[in-house]
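Read off the chains here:
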Amino acid sequence: MAKKYIFITGGVVSSLGKGITSASLAYLLMSHGLNVSIVKIDPYLNVDPGTMNPYQHGEVYVLDDGSETDLDLGHYERFTGLTLSKKNNFTTGQVYFTVISKERHGDYLGKTVQIIPHITNEIKKRIKEAGKNKDVLIVEIGGTIGDIEGLPFLEAIRQMGYNESRENCLYVHLTLVPYIKTAGEIKTKPTQHSVKELQSIGISPDIIVCRSERRLSSEAKEKIAMFCNVEREAVITALDVGTVYEVPLAFKKENFDKLVIQKLSLDIKKDSDLDNWMNMVNAIKKPKDAVKIAFVGKYIGLKESYKSLIESFVHAGADLDLRVDLKWIESEELEFEGYEDILSGVDGILVPGGFGSRGIEGKINAIRYARENKVPFLGICLGMQTAVVEFARNVADMKGAHSEEFDNNTPYKVIHLARKWQKEDEIITRDESSDKGGTMRLGSYTCVIKEGTLAHRIYKKGRVDERHRHRYEFNNSYKEELEKYGLVVSGMSPDKEFVEIVELKDHPFFIAVQFHPEFKSRPLKPHPVIRMLVQKSYESKRLKKRD
Ligand code: GLN
């Protein structure tokens with residue numbers, strides 16, 4: 001059990017940045033030496049977001065333990081540097097699944113199983129579990145106040161205020177305070193309504209965080225405080241900022257951390273030192289130069305689908321004092337003659353992960369272009385598999401080579417389905433017969449890196465752990481043949497069964513990885529592979545300029 005709980009709810013509209021608020025607060029409390037963790041509760045019925053369309057839900061963020069989670073977990077890990085587990089994210093689907101399984105098992109024999117107390121008890125149990133041995137647990141409730149789906153969670157956290165005693169629980173409500181241009185003023189009414197709604201279910205917020213494009217005047221704060229029944233100091237402005245990494249600094253200025261520490265009587269260990277963080281933010285805001293990298297994807301209509309990857313470029317850029325301009329290219333656009341024109345002028349090319357055959361040939365064209373024109377290239381997951389297909393077809397002369405995911409009849413299945421991956425302790429096993437999950441290799445696995453390779457120069461060590469989310473893999477029957485033609489296999493699983501990294505010699509930078517480096521990139525610790533892509537792309541830009 002955690003000693004103290006902070007519950008974060010959101011009102012008025014969605015997408016206010018509850019995840020960033022929770023992550024920033026966790027970061028600030030940790031900077032005072034406190035042992036903090038976060039849990040995100042998603043009020044949808046899916047057991048996890050693994051099966052959801054990235055167009056709807058954004059990225060599926062993968063943890064070390066293989067759980068497929070909400071992208072807010074990515075914010076948490078990036079801001080706090082913590083390594084989280086499946087305990088840090090749960091959904092309505094999981095809660096009901098557990099309760100219904102127990103009911104079938106006879107655990108509630110004789111009783112009527114109800115939302116209160118059975119569902120709410122299960123929610124409380126999971127929250128406590130996530131907070132085990134922590135000084136503070138931050139609990140983010142997904143959705144917006146007023147949603148039907150969120151009610152059992154709100155009831156559970158209301159009860160916690162009673163069970164755990166009120167002084168150990170803090171309710172923070174994030175709302176929108178819009179600025180109405182024609183009236184030239186900000187409006188507090190939506191906040192008042194949203195707080196009223198919360199109060200009607202028995203929760204009185206202790207702190208109100210007001211997302212706004214204008215700093216709130218003291219009169220506005222006074223008004224919100226009075227109508228919402230909170231102290232004036234407990235109304236905080238969350239001003240729109242240039243980069244999400246500035247949010248903890250902005251909160252610090254508003255004394256958000258002090259307020260929380262005082263309200264929960266937290267025993268802090270030290271004053272926070274945010275210098276390194278501040279330098280990183282400054283580097284993001286005022287880079288000395290820029291570099292342009294083509295991002296050849298298929299979900300580019302919703303950039304949230306590539307959240308971690310986008311952030312990893314921000315981290316690498318900050319470290320190199322560069323702004324990374326991503327040129328978003330829908331891979332299908334590269335399937336027509338003249339596609340080279342779309343790629344000309346970029347300093348580097350990235351082909352990220354993905355599922356489904358749409359746009360595959362465009363990706364292959366992009367990779368061919370990078371290989372032939374010596375443009376720095378990084379392929380990730382599907383990007384790696386496509387790079388192997390491209391190499392087989394165009395260098396090793398295997399006409400029609402493909403991945404089994406897209407073509408089962410090719411004479412050369414250079415990427416194939418070799419085995420079924422299943423973590424034994426997967427929370428809830430998916431239907432094995434379905435091709436929509438249950439057979440993916442998920443989470444952290446060790447990769448052994450060959451000395452003398454580009455991968456070894458990047459990582460500067462022989463073993464690394466990286467996160468995975470894929471079903472298909474390199475077909476070892478073609479390994480020797482492809483190596484003969486110059487493909488370098490520079491990373492493999494410890495048992496040498498599984499190809500993790502391929503690269504090319506005689507190229508300024510061409511590397512492709514089966515795992516997802518973006519899930520391990522942190523603002524103060526950019527991922528070395530992505531950092532090197534940015535660095536090499538910049539070098540190539542400088543060389544081009546000199547020519
Ligand atoms: N679709 C490919 C596979 O299942 C790649 C997955 C990915 O890029 N994440 O192996």
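First things first, this report covers the structure right here in the doc. Every value quoted in this text rests on a predicted model; they were computed, and no experiment measured them. (Residues numbered from 1 in each chain as written. Predicted model: local features only at pLDDT ≥ 70, side-chain atom pairs only at ≥ 80, totals over all residues. Heavy atoms only, no water.)

1. Comments concerning unusual backbone geometry
Then step 1. Residue isoleucine 116 is joined to proline 117 through a cis peptide bond whose omega torsion reads 10°.
Then step 2. On the secondary structure map, proline 117 appears in helix H5 (residues 115–130).
Then step 3. With a phi close to 55°, lysine 374 is a non-glycine residue in the positive phi region.
Then step 4. Along the chain, the position of lysine 374 falls in the loop between helix H14 (360–372) and strand S15 (377–380). (Helix = DSSP H or I, 4+ residues; strand = E, 2+ residues; numbered from the N terminus.)

2. A look at empty space enclosed by the protein
Then step 1. Applying the stated criterion to the full structure yields four cavities of 30 Å³ or more.
Then step 2. Lining the second largest cavity we find Gly354, Phe355, Cys381, Leu382, Gln385, Glu405, His470, Arg471 and Tyr472.
Then step 3. For the lining of the second largest cavity, the residue count by class is four nonpolar, three polar and two charged. (1 Å grid on protein atoms, 1.4 Å probe; cavity = no way out; pocket = protein on both sides within 12 Å on 5 of 7 lines; lining within 4 Å. Points joined across faces, edges and corners; volume = space filled by probe spheres on them. Nonpolar A, V, L, I, M, F, W, Y, C, P; charged D, E, K, R; others polar.)

3. A short note on the sheet that holds strand S18 (residues 441–449)
Then step 1. Taking strand neighbours across the sheet as the criterion, the nine strands line up as S13-S12-S14-S15-S23-S22-S21-S18-S19 in an open arrangement whose pairing is mixed. The open sheet has two edge strands, strand S13 (322–330) and strand S19 (463–470), and neither has a second partner. Averaged over all adjacent pairs, the angle separating strand axes in this sheet is 30°, with direction ignored.
Then step 2. The pairing of strand S22 (residues 499–504) with strand S23 (residues 510–513) spans three bridges and is classified as antiparallel. Among the inter-strand pairings, glutamate 503 is bridged to a residue of S23, identified as isoleucine 511.
Then step 3. The strands that helix H12 (residues 307–320) touches are strand S12 (289–297), S13, strand S14 (348–351) and S15; relative to S13, the one it contacts most, it runs at about 150°. (Pairing = 2+ DSSP bridges. Axes fitted to C-alpha atoms, helices over the stretch in contact; angles between N-to-C directions. Contact = heavy atoms within 4.5 Å.)

4. Describing the nonpolar core
Then step 1. Formed by 60 residues in total, the largest nonpolar core has its most connected members in Ile6, Leu29, Ile138, Ile207, Val209, Phe256 and Val260.
Then step 2. For this core, the element with the most residues is helix H1 (residues 18–30), which contributes seven residues.
Then step 3. Each residue touching phenylalanine 256, except ones within four places of it in the same chain, is listed here: Thr21, Leu25, Val172, Ile207, Val209, Ile236 and Phe251. (Core = buried A, V, L, I, M, F, W, Y, C linked by side-chain atoms within 4.5 Å. Buried < 20%, exposed > 50% of the residue type's maximum accessible area, 1.4 Å probe, protein only.)

5. A few points about the side chain of threonine 386
Then step 1. In this fold, threonine 386 is placed in helix H15 (residues 382–394).
Then step 2. Residue threonine 386 is classed as buried on the basis of its relative accessible area, which comes to 3%.
Then step 3. Not counting residues within four places of it along the chain, the set of residues in contact with threonine 386 comprises Ile360, Lys363, Ile364 and Ile367.

6. Quick look at helix H8 (residues 218–228)
Then step 1. Restricting attention to buried positions, one finds in H8 the residues Ala220, Lys221, Ile224, Ala225 and Cys228. Each buried residue of H8 lies within a common arc of 135° when the element is viewed along its axis, so the set occupies one face. Turned more than 90 degrees off the buried face of H8, the exposed positions are Glu219 and Met226.
Then step 2. Looking at the buried side of H8, the elements it contacts are strand S9 (185–186), helix H7 (189–200), strand S10 (207–212) and strand S11 (235–239). (Arc of directions from axis to C-beta.)

7. Description of the pattern of salt bridges
Then step 1. Per the stated rule, a full pass over the model turns up 40 salt bridges.
Then step 2. The shortest N-O distance in the salt bridge between lysine 187 and glutamate 185 comes to 2.9 Å.
Then step 3. Taking relative accessible area as the criterion, lysine 187 reaches 31% and is therefore assigned partly exposed.
Then step 4. According to the relative accessible area criterion, glutamate 185 is partly exposed, its value standing at 38%.
Then step 5. Note that aspartate 240 is salt-bridged to arginine 211, the shortest N-O span being 3.0 Å. Residue aspartate 240 is located in the loop between S11 and helix H9 (247–253), and its partner arginine 211 is located in strand S10; the two are separated by 29 residues in the primary sequence.
Then step 6. Exposure remark for aspartate 240: the relative accessible area of 40% places this residue in the partly exposed category. (Salt bridge = Lys/Arg side-chain N within 4 Å of Asp/Glu carboxyl O.)

8. Considerations on the packing of H7 against H8
Then step 1. In the contact formed by H7 and H8, the axes pass within 10 Å of each other and the chain directions differ by 25°. Here H7 is positioned roughly parallel relative to H8, judged by the angle of their axes. As for how H7 packs across H8, the hand of that crossing is right-handed. For the pair H7 and H8, the contacting residues are Thr191, Gln192, Val195 and Gln199 in the first and Lys223, Ile224, Phe227 and Cys228 in the second.
Then step 2. Its residues assigned to classes, the contact of H7 with H8 shows four nonpolar, three polar and one charged. (Parallel < 35°, antiparallel > 145°, perpendicular 65-115°, else oblique. Left-handed = near helix turned anticlockwise from the far one by under 90°.)

9. A look at the pairing of S14
Note on strand geometry: in a regular strand, side chains alternate between the two faces of the sheet.
Then step 1. Every second residue of S14 is oriented toward a common face, with Gly348 and Leu350 on one face and Ile349 and Val351 on the other, all of them buried.
Then step 2. Two strands pair when backbone bridges link them, and S12 and S14 are joined in this way by three bridges, in the parallel orientation. Counterpart to isoleucine 293 in the pairing with S14 is glycine 348.
Then step 3. Where S14 lies against S15, three bridges are found, and the strand directions are parallel. If you follow leucine 350 over to S15, its bridge partner there is leucine 378.
Then step 4. Taking the sense of rotation as the criterion, the β-α-β connection linking S14, H14 and S15 turns out right-handed. (Right-handed = clockwise from strand over helix to strand, strands pointing away.)

10. Describing the side chain of lysine 40
Then step 1. Within the secondary structure layout, lysine 40 lies in strand S2 (residues 36–42).
Then step 2. A relative accessible area of 4% places lysine 40 in the buried class.
Then step 3. For lysine 40, the side chain forms a polar contact with the side chain of aspartate 70, separated by 3.0 Å.
Then step 4. Contacts of lysine 40, omitting those with residues within four sequence positions, involve Asp70, Asp72, Leu73, Tyr76, Asn88, Asn89, Phe90, Glu140 and Gly142. (Polar contact = N/O pair within 3.5 Å; in protein donor to acceptor, adjacent residues only side chain to side chain.)

11. Quick word on the site of the ligand
Then step 1. Taken together, Gly353, Gly354, Phe355, Cys381, Leu382, Gln385, Glu405, Arg469, His470, Arg471, Tyr472 and His516 make up the full set of residues near the ligand.
Then step 2. Here an oxygen atom of the ligand and a side-chain polar atom of glutamine 385 are 3.0 Å apart.
Then step 3. Between tyrosine 472 and the ligand, the recorded distance is 2.8 Å, taken from a backbone N or O atom to an oxygen atom.
Then step 4. For the ligand, the protein covers 99% of the area, taking 300 Å² as the surface of the free molecule.
Then step 5. According to the grid-proximity analysis, the pocket containing the ligand is the second largest cavity.
Then step 6. Broken down by secondary-structure element, the contributors of at least two residues to the shell around the ligand are H15 and S19.
Then step 7. Residue classes in the shell around the ligand are distributed as four nonpolar, five polar and three charged. (Near = heavy atom within 4 Å. Areas by Shrake-Rupley, 256 points an atom, 1.4 Å probe, with all protein chains shown as cover. Sits in = over half its atoms within 2 Å of the grid points.)

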